[in-house]
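Below are the chains, spelled out letter by letter.
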Amino acid sequence: MNKPRLRGDYSRAALDYSVEQDWAAYTSAEHALYRRLFERQSKLVPRYACPEWIAAIAGLDAALQIPDFDQVSKKLRARTGWRIVAVPGLIPDDAFFTHLANRRFPVTVWLRKPEEFDYIVEPDVFHDFFGHVPLLFDPVYADHLYEYGKGGLKAMRLDAVKMLARLYWYTIEFGLMKVGSGIRAYGAGLLSSGGELAYCVDDPRPHRRAFDVERIMRTEYRIDRYQDGYFVIDSFDQLMRETAPDFTPIYARLRGLAPFAADAA
Ligand code: PHE
Ligand code: CO
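Residues numbered from 1 in each chain as written. Chains lettered and ligands numbered in written order. Predicted model: local features only at pLDDT ≥ 70, side-chain atom pairs only at ≥ 80, totals over all residues. Heavy atoms only, no water.

## Notes on the side chain of Q21
Mapped onto the secondary structure, Q21 falls in the segment before α1 (28-48). Sequence-distant contacts of Q21, defined by excluding residues within four places in its chain, comprise Y26, I66, P67, D68, F69, A86 and V109. (Helix = DSSP H or I, 4+ residues; strand = E, 2+ residues; numbered from the N terminus. Contact = heavy atoms within 4.5 Å.)

## Things to note about the coordination of the cobalt ion (ligand 2)
Angles between donor atoms at a metal ideally measure 109.5 degrees for a four-coordinate tetrahedral arrangement and either 90 or 180 degrees for a six-coordinate octahedral one. Protein coordination at the cobalt ion (ligand 2) comes from H127 (NE2), H132 (NE2), E173 (OE) and E173 (OE), with a distance range of 2.0 to 2.7 Å. The sequence pattern describing where the donors of the cobalt ion (ligand 2) fall on their chain is H-x4-H-x40-E. Across the pair, exposure class does not vary: H127 and H132 are buried alike. (Donors = N, O, S within 2.8 Å, 3.2 Å for Na, K, Ca; no water. Buried < 20%, exposed > 50% of the residue type's maximum accessible area, 1.4 Å probe, protein only.)

## Concerning the environment of Y221
Mapping Y221 onto the fold places it in the loop between α10 (213-218) and β6 (229-233). Between the alpha carbons of Y221 and R166 there is a distance of 7.4 Å; along the sequence they are 55 residues apart.

## A word on helix α11 (residues 236-243)
Listed in full, the buried residues belonging to α11 are F236, Q238, L239 and T243. Here the buried residues of α11 occupy an arc of 155° about the axis, which is enough to place them on one side. On its buried face, α11 is in contact with α2 (51-57), α6 (139-157), α7 (161-173), β3 (176-179), α10 and β6. (Arc of directions from axis to C-beta.)

## A word on unusual backbone geometry
Phi angles above zero are rare outside glycine, and Y17 is one such case at about 70°. Residue placement: Y17 occurs in the segment before α1. Y17 gets classed as partly exposed once you look at its relative accessible area, which sits at 24%. One non-glycine residue, D22, adopts positive backbone phi at about 50°.

So far we have only geometry, and geometry alone does not tell us how the molecule works.
This is the structure in structure tokens:
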């Protein structure tokens, strides 16, 4: 999940992997590509995004160009105490968890290439910003992610990061939510995807199981194709409540059990 690779420029990163965003260095071609990505998703989100995400995006003024992280951080700090920290790309687990546990969300500075318009393997600024940042304005989601960060540092001590990473995958990245009008997406990997956002809600093929912490922690996942199944929460309150118990005994118990394959998700 958070293994550094070579794509970003890590040479200027601080010990916590933060960098300057250097907003002035983005080219007009990059701003234009970002704007096209934003436009495509904007047509989908009214139908497929959860209400909390929709409520937040309007106040962000992020449609026309790659956002200036410091400006957004000012708004975010006032609302939920979070801020954005610019990073060169994926960062190691300990650095990632430490940022979350201090209410700092790492956002990649670089934008994908035009030929990656439909598909990108690593998170870029569009995925990180469009998918993750709006939900940080929701107080319950924001508190949950802070608790996740602390839980991550604890999972490192308990050698259980793999299990906790599955929880992140099936919630923060690919989670679905039940709302009055049906199923909606809150996972950032869905919200920023041109194809999977409609697929995860409308397609009859994937499983859509009720949220289940232990099942999720036992379920493998694929990073290279649409998910075989999704887990559905009723609300961020439910997510908060059901992840609140001490995971230590759960980790101990699940460690001895064979995982479910991704296609059993
Ligand atoms: N309750 C978890 C633990 O004891 C911490 C956690 C909270 C993990 C929220 C994920 C989300 O480790
Ligand atoms: Co993400």
